[in-house]
Amino acid sequence: MSGRRGAAARGAHPGVPGGAGNRGVGEPEGVAARATDVPLGATPVLELRDVVTEIRGVRGLVRPVDGVSLTVRAGQVVGLVGESGSGKSMTAFSVMRLFPTKAARVTGGEILLRGGDGRVRDLRTLGPDALRAVRGREIGMIFQDPASYLNPVLTVGRQLEQQLQAHGLGQGADARIAELLTDVGLSPEVARRYAHELSGGQCQRVGIASALACRPALVVADEPTTALDVTIQAQVLRLLARLQRDQGVALLLITHDLGVVAEVCDHVYVMYAGRIVEEGPVEDLFARPRHPYTQGLLAGVLDLLEPKPIRVSIEGSVPDLVRPPSGCRFHPRCPHAMPICEREAPPLLPRDEGAALGHSACWLHDPGVVGAGVTVEPGREDGP
Amino acid sequence: MSGARGSKALGAYALERLLNAVPLVLGVIVVNFLLVSLAPGDPVTALIGEYPAPPDYVERVRAQYGLDAALPERLLRYLGSVVRGDLGFSFANRQPVATLVIERLGRTLLLMLTTVVFATAVGIVLGVWAARRPHSAVDRGATGFALAGYSIPEFWLGQILILVFAVGLGWLPAGGFRSIRADYAGWAAVVDQVRHMVLPMLALSFRYMAITTRLTRASLLEVMNADYILASRARGLSERRVLWEHGLRAAALPIITVIGYNFGFIVAGSALVETVFGWPGVGRLMYDSIFTRDYPVLLGILLLVSVSVILVNLLTDVAYALFDPRVRY
Ligand SMILES: Nc1ncnc2c1ncn2[C@@H]1O[C@H](COP(=O)(O)OP(=O)(O)OP(=O)(O)O)[C@@H](O)[C@H]1O
Ligand code: SF4
Ligand SMILES: [Mg+2]
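Residues numbered from 1 in each chain as written. Chains lettered and ligands numbered in written order. Predicted model: local features only at pLDDT ≥ 70, side-chain atom pairs only at ≥ 80, totals over all residues. Heavy atoms only, no water.

**Q** Can you help me understand the interface of chain A and chain B in this one?
**A** Interface size is often expressed as the accessible area that is lost when the parts come together. Facing the 30 residues of chain A at the interface are 26 residues of chain B. Summed over both partners, the interface of chain A with chain B buries about 2500 Å², with 58% contributed by carbon and sulfur atoms. Counting every contact that joins chain A to chain B gives 1 salt bridge. Of the charged contacts, one joins Glu 245 of chain B and Arg 158 of chain A as a salt bridge, the two residues approaching to 3.2 Å between their closest N and O atoms. On the surface where chain A and chain B come into contact, there are 13 residue pairs in polar contact (both at pLDDT 80 or more). Looking at the side of chain A that touches chain B, the elements that each hand over two or more residues are helix H2 (88–96) and helix H4 (156–166) of chain A. Among the elements that take part in the side of chain A that touches chain B, H4 of chain A stands out by supplying 6 residues, more than any other. Residues of the side of chain A that touches chain B, tallied by class, amount to 14 nonpolar, 10 polar and 6 charged. (Contact = heavy atoms within 4.5 Å. Buried area = accessible area lost by both parts, 1.4 Å probe. Salt bridge = Lys/Arg side-chain N within 4 Å of Asp/Glu carboxyl O. Polar contact = N/O pair within 3.5 Å; in protein donor to acceptor, adjacent residues only side chain to side chain. Helix = DSSP H or I, 4+ residues; strand = E, 2+ residues; numbered from the N terminus. Nonpolar A, V, L, I, M, F, W, Y, C, P; charged D, E, K, R; others polar.)

**Q** For this particular structure, what's the right way to read the packing of helix H7 (residues 154–168) of chain B against helix H8 (residues 187–223) of chain B?
**A** Each pair of packed helices can be summarised by the angle the axes make with each other and by the distance between the axes. Residue and element names in this part refer to chain B. Where H7 meets H8, the axes come as close as 9 Å, and the angle between the chain directions of the two elements is 140 degrees. Classified by the interaxial angle, the pair formed by H7 and H8 is oblique. Crossing of H7 against H8: the hand is right-handed. Counted together, Glu 154, Leu 157, Gly 158, Leu 161, Ile 162, Phe 165 and Ala 166 of H7 and Leu 199, Leu 202, Ala 203, Leu 204, Phe 206 and Arg 207 of H8 form the full contact between these two elements. Split into classes, the residues belonging to the contact of H7 with H8 amount to 10 nonpolar, 1 polar and 2 charged. (Axes fitted to C-alpha atoms, helices over the stretch in contact; angles between N-to-C directions. Parallel < 35°, antiparallel > 145°, perpendicular 65-115°, else oblique. Left-handed = near helix turned anticlockwise from the far one by under 90°.)

**Q** Help me out: how do you make sense of the sheet that holds strand S5 (residues 120–122) of chain A in this one?
**A** In a beta sheet, neighbouring strands are held together by backbone hydrogen bonds and run either parallel or antiparallel to one another. Residues and elements named next belong to chain A. One open sheet holds the 4 strands; their spatial order is S2-S1-S4-S5, and the pairing between them is antiparallel. Of all the strands in the sheet, just strand S2 (60–73) and S5 have a single pairing partner and so form its edges. Direction aside, neighbouring strands of the sheet carry axes that sit 5 degrees apart on average. In this structure, strand S1 (residues 44–57) lies alongside S2, joined through 10 bridges in antiparallel fashion. If you follow Pro 44 over to S2, its bridge partner there is Arg 73. (Pairing = 2+ DSSP bridges.)

**Q** So what exactly am I meant to see when it comes to the confidence of the model for chain A here?
**A** Regions with low pLDDT carry predicted coordinates that are not meant to be interpreted in detail. All names here are of chain A. In the predicted model, chain A carries a mean pLDDT of 81, and 79% of its residues have values of at least 70. Considering each helix and strand of chain A separately, the mean pLDDT is smallest for helix H1 (residues 2–12), with a value of 36, and largest for strand S8 (residues 250–254), with 96. Per-residue pLDDT stays below 50 along residues 1–39; that stretch engages in 95 contacts with residues further than four places along the chain or on separate chains. Note on residues 301–313: pLDDT under 50 across the span, and 17 contacts to partners over four residues away in sequence or across chains. (pLDDT = per-residue confidence, 0-100.)

If you want it as C-alpha cells, here you go:
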C-alpha cells in the first residue's frame, strides 16, 4: 500500500509534477524547485523518503511509521501534528534511528541529512559509529518530559560536557556551557546543579541548550512544552522559536497543539495512523484544509478559539496499528467515505493545480474518482 | 535548594549518625550479655574441666572470675569495664580478650576485605555482561550461577573446594594461614600467603558474588531503559560511556546498599569458613569460644561484630549520600 502511495508521490501519477520529497536533499538546487516550501528554494536539511519503522511487539508487528516522507529546509520550522498514537514520536526517533525500545527498527526508506559540511548522507545506511557522530552534533533532540531526560546523579554541566567531549569539542567546554546556559536564559551557575534542583521549565531550557550545544543543522523537538506548567509553556516555546531564528537552525516540531503550529511553524505535516495525510504551508493549510481529517482537527480548534457550529467532528478513536484499517486508514471515521476508500489507499495529490500548496491524501481530490470541481470545505458539504 | 553540599555537611551527617548509634551499641551489649548468660552450661565447668573438683575450689574460681554476683550486678560491671575499654579476661586462653581479638583481627579483615573487593568486582562484571544481552547464553549462565551462589552454604562449598583443589588436584593448601614449616621470605612469603587465601576467599565470595551479579543485572536492565539513557545516546555518547558513566553510575546506588547491608552475612560466613579452613582469625576464635563457653571472648567478639556492622551500614549510607545528590541529610 505504501508502495502505491510512494509511487504516486514520486510523480508516477500522470499530471502530477512532484510529490513530497520529489526533489531530494542530494539533488542540485534549482532543478524542479517546488514552490511548496517556505522559504522558497531553501536547501533541504532533512528529507525522509518513504520511511517505514516497525516495532516487534507481543501482539505482533506494528508499523507506527508507514511510508512517511517529509522535508525540512534550512531555517524552516516544520510542524508534525496528529493525535496521540499516530506515530509522531516514532517518526522523530526514526530520524536518528534511536528508539526507546529495542524492538523498534527503521526497515525501509531513506533518511537524507545534509551535514554541516554540506555533504548529504543517508542515515539509514550509516554504521553505528558514524550515526553516533551525527547524534547530538548534526541533529539535536528535545524531549517531552525534560526532567526524566536528565540523569539524576550527574550535574547538568557534566552532561553537557559529555556531549561536547563526545564530539571532540571538549576544549573550552566550560566557557561553551556557560554561554549555552546564558543563551537559554539560565544562570551559568546551573551547570553545577542536578535535575531535581531545577524546575520543569529550567530542565527544558537545559534540554534546549543540549540540543543546540554542537550547533546542529537540525533540531527535532518532540512536544517540548507538553509536560510543562501551562504558565511557562509559551515562554519556553518562544525561547525555542527565538533561538531557532537567531541561529538559523531548522526545526522539526512535533506537537498536537494546532495553536503552536499556527504560531511558530512555516510548514506543517498532518499524520494519521502512521501516515502523512496532508502537508502544506501553514497559512494555506489552515485556511483551506483539504483532507477530511485535517478539517476535523481544525474544526475542533476553531471551536476552542471562537464558538462556531461544528459540522465535522472526528468520532471514534485512533485505529489499532496492529491491524490498521484497509485502504484509507481514516475511512472508519470519515464523514465522506466512499466505497473506494475502504479498498485502496489514496495517493498524496497536490492540494492545488501547481502543487505549490502541498499535498493531501484523499480520494475526494482525485478527478478520476470524484467529478472535477468538487471542493470540500469544513461545515459546507456536511450541511443539511 | 541545597547548594551547600560540602564535605562539612556530610561530616556532620556522619557524626550525627555515629552518635545515634551509641544507644544501639549499648543495647546490643545488654542483649548479648543476657543471651550468653542464659545459655546452658557453666563456664566454671569449662574452666576446671569435666572431672569432679572440691566445691570450695569451684566457688573460689567462680568468685575469682566474678561469676558469683547476681546477673544485674555482673551486667553493670561488664558495661563499666567495656566503657573503660576493657573487654575482660579469657577463661580459656588466660589472656585479655582485647589482646586475643586484636591479634586475630588483621587476618580476618584480610580475608573479608579481599572477599568484598573480589566478589564485588566479579559480580559487577558478570552482571554488566548479563545485562548487555538479556536472555542470551551469557545471561542465562550468569543468572544460573547467581542462583547457585545463593543457595550453596559456605561451609559445604569450602569442603568441596578443599576436596577438589587441595586433596584431589593438590594445587592449593587445604588450610592454615601460611606454611609453618617452610621459612619463606619476601616475594615467596607473599605467594605462600595468597595461595592459602584463595580457597577460603572463594568459599566466602560465592554468595556475595551471586548477590552482586543478580543485583547489577537487575538494576542495570532497569536503568538502561530510563529516558536519560536514551537522551545520552541522543547526545552522541558512545555505548561504552552510556553504560559506564550513566548506566552503572545510576545502578551503583542499589549495589552499594547491598554490599553494605550484606556485610553481616560475610561476618557470619567468615566464622564458618575460618573454621573449615583452619584460618586463625576472629571467626575461628568465636567458634572456639562457643565450645569452651569462654563468655568474655564471645561477648567481646559479638560486640566487635555489632560495631563493625553498624559502622559499615553507616559508611554505606555516607557512600549513598555521596553517590546520590537527591539524598538529603
Ligand atoms: N515502546 C513502545 N513499544 C511498543 N509499541 C510502541 C511503543 N511506543 C509506541 N508504540 C506504538 O507506536 C505507535 C505510535 O506511537 P507514538 O509514540 O509515535 O505516537 P505519538 O503520535 O507520538 O503519540 P503521543 O501524542 O501520545 O505522543 C503507538 O500507537 C504504539 O502502537
Ligand atoms: S480517502 Fe475517503 S475515507 Fe479517506 S479521507 Fe478521503 S474521503 Fe475520507
Ligand atoms: Mg509522542
